[in-house]
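Secondary and tertiary structure notes
What follows is each chain in one-letter form.
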Amino acid sequence: MLAIQFDEQTQTFHLSNDEISYLLGIEEGEVLSHLYYGKKIAQYHGNFRYPRIDRSFSPNLPGSKNRSFSLDTVLQEYPGFGGGDFRTPAHQIRQSDGTIVTDFKVKEHQIFSGKPSLEGLPATYVQDSEEAQTLLVILEDRFRGLELELSYTIFCDSPVIARNTRLINKGTEKVVVEKLASLAIDFPDTPFELIHLNGTWAKERMVTREALQPGIKILDSKRGSSSHQQNPFVCLASPTMTEETGEVYGFCLVYSGSHETMIEKDPYNQTRLTMGINSFDFRWVLEPNEAFQSPEVLMSFSDKGLNALSHSYHDLLNEHLVRGRFKKQERPVLINNWEATYFNFDEDKLLAIVDEAEKMGIELFVLDDGWFGKRESDRTSLGDWYENSGKIKMGLANLSKEIHARGLKFGIWFEPEMISEDSELYRAHPDWALQIPGRGMSLGRDQYVLDFSREEVRAHIYQQMKTFFDEVPVDYVKWDMNRNMTEVYSKKRAPEEQGSTAHRYMLGLYEFMENLIAEYPTILFESCSGGGGRFDAGMLYYMPQTWTSDNTDAIARLKIQYGTSLVYPVSTMGSHVSAIPNHQTSRKTSLAIRGNVAMAGVFGYELDLSTLSTEEKVEMKAQVAFYKEHRSLIQYGRFVRLLSPFEGNETAWMFISDDKKEALVFYYRVLAEASHPPKCLKLEGLAKEKVYMMENQLFGGDELMNLGFYIDPSLSGDYATQLFYLKENN
Ligand code: GLA
């Protein structure tokens, strides 16, 4: 039962569905306090209130002589600074008197069905207003005429609350927004561990779990993108939480630019978390009658461990974030030429790969980097999005037709946000790259970042892409972004507005992508940033797949895909089999394990199919057939992590159909071990009363979950793997 209720008597809001409850209260001074977030409670009787204590050095409300109420300690919903709370504030709004002190009080509230969209920003949506309810609490700083709209949407079918914040300047003077977090939340006396996803290029989303200590922990990106280094997703977990048991709270920011999560544990063991656009170097001038909208954060809660938390995110992102005709659609098996040829290709080479792909049943050919301008290396031509004439003798339009004639779809690579110094575009518009007048410009991969905050820059790139799509039939686009922002400054803006440039870039990018997907709804877009450098829920609103990592080594991918799966669904994770020795790690692994790892994602190949042995081709053809047969189960079934690569030598995960009639289990062992203990693998999520056939043997669902089954003891050698298919026996 979905409900948002306001109780006049206790002055509390109660948001609840079948799984969760979230309670806010209005305290003295119209302060909006936080009361509870977690497992559903049927009814709140109003007696769980923050204790009134007179604490030394804790200031009291302005004009109040009540020494037992202080913003210094009370749990709050959207705290400011300077009125007695010395913890991390949710907002910093610089005013004409030079201070950031505010005094926001509850003014009014609205409760309604459905979920409003966020202007200019990606966000979850509902198709039917009965799928969610929204609470808007409006806070007011009367002194300055500022209003804050705190938005809370609770979904009926998942333990998720989406939050965002909007600041409206109803005063007469401009203010400068230096921080406007999407949310803040205070937890009472709870020991937490922090789980987050950090990494670097080719090593994205490594799972880190650490005890939360007193003080402030900042997890952020200042790179102008969500980044390889720190994904905008964190969890606060009970120290005893496992994949299957215990309480955990997740926070997923729907944003692709610089972000910041601050977690502060105070002396009373209270934990505050704020999350949103990075406040470091952020300045947004807000004139009277203007509003500033924060991105959205998706909060989820599970009392059944981390797997259940991931399930709620997988369902939410598949159902309420991904849009368009590829939503819940099976994604094609692709062959990408990047690791096969790099820049060194011609039409014969590409068609030789396509011919083999056709025989194997592959469905989509993707022509990666190198087809445009004078692009023969990564030093040139970004910004010149017209065909590198002569490289493909028949021309790209004919190549696309040839590929279509063979029954495959045709995809192509773009890097629209970038500009090479050596390009026609740079020679014509050197000022279109982000740069500070008079200062040197830092190259990255020999390229600069285009100033996508500028309309004319976006319009020019858009027009080039449109001209290309009008000439060449394209079914898929890989949208890449291969460096981070430096010398962030936009020529068109005043110095006091430069702190808004990185965010205005994101708004420009979102607008560009919105227009593009609306104009080309039949193109499947996959986003990429040197692999998974911008794998976030913001990008998934426009592009339903992401290239998970440039690291295609099967063993490295175990950790990368495991970490990614904490929040992002399998349907979004591009995952390819590549050649050995692997190009990133030089490791040699069997085709079987490369297949078994890549098949746990949106499957594809990235190697020269025309130089393979007959045995390899036979094995790959079988992999493609197997994947297609089970694709819907893999891409949209329930994904369950069983053994973690972060905890040992073995990894296992499984996929279960919604009706629990079938399942696939993947097991991987990294290094061989003499006298290996018999491995008993216990499954999860099956129907305990069903009987399953697995490898010609019958097992009860309860047997597989409670007793488990033994991995083949003869499995030997490094990088070993086994795959099991279970089907209900009728
Ligand atoms: C990035 C991508 C790769 C490939 C290259 C091409 O690194 O992640 O997959 O497309 O660019 O330059």
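Our subject in this report is the structure included herewith.

Parameters and conventions
Residues numbered from 1 in each chain as written. Predicted model: local features only at pLDDT ≥ 70, side-chain atom pairs only at ≥ 80, totals over all residues. Heavy atoms only, no water. Helix = DSSP H or I, 4+ residues; strand = E, 2+ residues; numbered from the N terminus. Expected span 1.5 Å × (residues − 1). Buried < 20%, exposed > 50% of the residue type's maximum accessible area, 1.4 Å probe, protein only. Near = heavy atom within 4 Å. Polar contact = N/O pair within 3.5 Å; in protein donor to acceptor, adjacent residues only side chain to side chain. Areas by Shrake-Rupley, 256 points an atom, 1.4 Å probe, with all protein chains shown as cover. Nonpolar A, V, L, I, M, F, W, Y, C, P; charged D, E, K, R; others polar. Phe/Tyr/Trp six-rings, centres within 6.5 Å; stacked < 30°, edge-to-face > 60°. Lys NZ or Arg CZ within 6 Å of the ring centre and 35° of its normal. Contact = heavy atoms within 4.5 Å. Salt bridge = Lys/Arg side-chain N within 4 Å of Asp/Glu carboxyl O. 1 Å grid on protein atoms, 1.4 Å probe; cavity = no way out; pocket = protein on both sides within 12 Å on 5 of 7 lines; lining within 4 Å. Points joined across faces, edges and corners; volume = space filled by probe spheres on them. Arc of directions from axis to C-beta. Axes fitted to C-alpha atoms, helices over the stretch in contact; angles between N-to-C directions. Parallel < 35°, antiparallel > 145°, perpendicular 65-115°, else oblique. Left-handed = near helix turned anticlockwise from the far one by under 90°. Core = buried A, V, L, I, M, F, W, Y, C linked by side-chain atoms within 4.5 Å. Pairing = 2+ DSSP bridges.

In this model, helix H7 (residues 501–519) (19 residues) spans 27 Å end to end at C-alpha, consistent with the 27 Å of a helix rising 1.5 Å per residue. Within the sequence span of H7, burial applies to Thr 501, His 503, Arg 504, Tyr 505, Met 506, Gly 508, Leu 509, Tyr 510, Phe 512, Met 513, Leu 516 and Ile 517.

Our focus in this paragraph is the site of the ligand. Around the ligand sit 13 residues in total, of which Asp 368, Asp 369, Lys 478, Gly 531 and Asp 550 are the nearest. At a separation of 2.6 Å, an oxygen atom of the ligand approaches a polar side-chain atom of Asp 368. Here Arg 445 contributes a side-chain N or O atom positioned 2.9 Å from an oxygen atom of the ligand. In the complex, the protein chains occlude 96% of the 310 Å² of accessible area that the ligand would expose alone. Grouping the amino acids of the shell around the ligand by side-chain chemistry returns 4 nonpolar, 3 polar and 6 charged.

We now examine the packing of aromatic side chains. The final tally for this structure, using the stated rule, is 46 aromatic pairs. Members of the aromatic cluster, connected to one another through ring pairs, are Trp 371, Phe 372, Trp 385, Trp 413, Phe 414, Phe 468, Phe 469 and Tyr 520. In this structure, Arg 557 is placed above the aromatic ring of Trp 547, and the distance from its NZ or CZ to the ring centre is 4.8 Å. Sitting over the face of the ring of Tyr 562, Arg 641 holds its NZ or CZ atom 5.7 Å from the ring centroid.

Mapping Arg 587 onto the fold places it in the loop between strand S30 (573–578) and helix H10 (591–598). Judged by relative accessible area, Arg 587 falls into the partly exposed class, the value being 25%. As a C-alpha pair, Arg 587 and Thr 341 span 246 residues in sequence and 19 Å in three-dimensional space. Discounting chain neighbours no more than four positions away, the residues touching Arg 587 are Asp 553, Ile 555, Ala 556, Ile 580, Pro 581, Asn 582 and Tyr 719.

Here we come to the pattern of salt bridges. Counted by the stated rule, this structure contains 56 salt bridges. The salt bridge involving Glu 417 is made with Arg 534; its shortest N-O contact spans 2.7 Å. Note that Glu 417 is positioned in the loop between strand S24 (409–414) and strand S25 (418–420) and Arg 534 in the loop between strand S28 (524–527) and helix H8 (537–540), a separation of 117 residues in sequence. Of the two residues, Glu 417 and Arg 534, both sit in the buried class.

Turning our eyes to something else, we now look at the environment of Leu 707. As for its placement among the helices and strands, Leu 707 is situated in the loop between helix H12 (701–706) and strand S38 (709–710). Sequence separation between Leu 707 and Leu 681 is 26 residues, and the spatial gap between their C-alpha atoms is 8.3 Å. Setting aside residues up to four positions removed in sequence, Leu 707 forms contacts with Cys 680, Lys 682 and Asp 702.

So, about empty space enclosed by the protein. Over the atoms a probe the size of a water molecule is rolled, and this reveals where empty space is left. This model, assessed by the stated rule, comprises 5 cavities of 30 Å³ or more. Roughly 60 Å³ of internal volume is contained in the largest cavity. The wall of the largest cavity is formed by Tyr 50, Pro 51, Ile 53, Arg 55, Ser 58, Ser 68, Phe 69, Ser 70, Thr 73 and Val 74. Classifying every residue of the lining of the largest cavity gives 5 nonpolar, 4 polar and 1 charged. Here the second largest cavity defines a volume of roughly 50 Å³. Lining the second largest cavity, in full, are Thr 552, Ala 554, Arg 557, Gln 561, Ser 575, His 576, Val 577, Arg 594, Val 597 and Ala 598. Those elements giving two or more residues to the lining of the second largest cavity turn out to be helix H9 (554–564), S30 and H10. Its residues assigned to classes, the lining of the second largest cavity comprises 4 nonpolar, 4 polar and 2 charged.

Given a rise of 1.5 Å per residue, 17 residues ought to cover 24 Å, and the 24 Å separating the end C-alpha atoms of helix H6 (residues 455–471) matches this to within 8%. When we look at burial in H6, the residues that qualify are Val 457, Arg 458, Ile 461, Tyr 462, Gln 464, Met 465, Phe 468 and Phe 469. Along the axis of H6, the buried positions cluster into a sector of 160 degrees, meaning they face one direction only. With respect to the buried face of H6, the exposed residues turned more than 90 degrees away are Asp 470 and Glu 471.

All right, on to the packing of helix H3 (residues 347–360) against helix H4 (residues 396–405) then. Interhelical geometry of H3 versus H4 gives an angle of 15 degrees and a closest axis separation of 10 Å. In terms of axis orientation, H3 runs roughly parallel to H4. Here H3 and H4 pass one another in a crossing that is right-handed. The segment H3 lies against H4, with Leu 350, Leu 351 and Val 354 engaging Leu 399, Glu 402 and Ile 403. Of the residues contributing to the contact of H3 with H4, the split by class is 5 nonpolar, no polar and 1 charged.

Before going further, it helps to spend a moment on the nonpolar core. By size, the foremost hydrophobic cluster in this structure holds 179 residues, and its most contacted members are Phe 251 and Trp 371. Looking at this core, the element that brings in the most residues is H7, giving 8 residues. In this view, Trp 371 contacts Phe 345, Trp 385, Tyr 386, Glu 387, Asn 388, Leu 396, Ile 412, Trp 413, Phe 414 and Phe 468; residues no more than four positions away in its chain are not counted. With 24 residues, the next largest nonpolar core counts Met 654, Val 665, Phe 699 and Ala 720 among its residues.

That bond from Ile 580 to Pro 581 is cis: its omega, -10 degrees, falls within 30 degrees of zero. Even without being glycine, Asp 446 reaches a positive phi, approximately 60 degrees. Relative to the elements of secondary structure, Asp 446 occurs in the loop between helix H5 (424–428) and strand S26 (447–449). Within the chain, Asn 696 stands out as a residue other than glycine whose phi angle is a positive 65 degrees. The class for Asn 696 is exposed, based on a relative accessible area of 74%.

So, on to the side chain of Glu 27. Its location among the elements puts Glu 27 in the loop between strand S3 (20–26) and strand S4 (32–39). Residue Glu 27 is classed as buried on the basis of its relative accessible area of 7%. Side chain to side chain, Glu 27 and Arg 52 meet in a polar contact 2.9 Å long. Here Glu 27 is in contact with Ser 33, Leu 35, Arg 49, Arg 52 and Phe 69, once residues within four sequence places are set aside.

So, on to the sheet that holds strand S2 (residues 12–16). The 4 strands lie next to each other as S1-S2-S3-S4, forming an open sheet whose pairing is antiparallel. On the outer flanks of this sheet lie strand S1 (3–7) and S4, each paired with one strand and no other. Along the sheet, successive strands turn relative to each other by an average axial angle of 15 degrees, direction set aside. With 5 bridges joining them, S1 and S2 adopt antiparallel strand pairing. Pairing of Ala 3 across the sheet is with Ser 16, part of S2.

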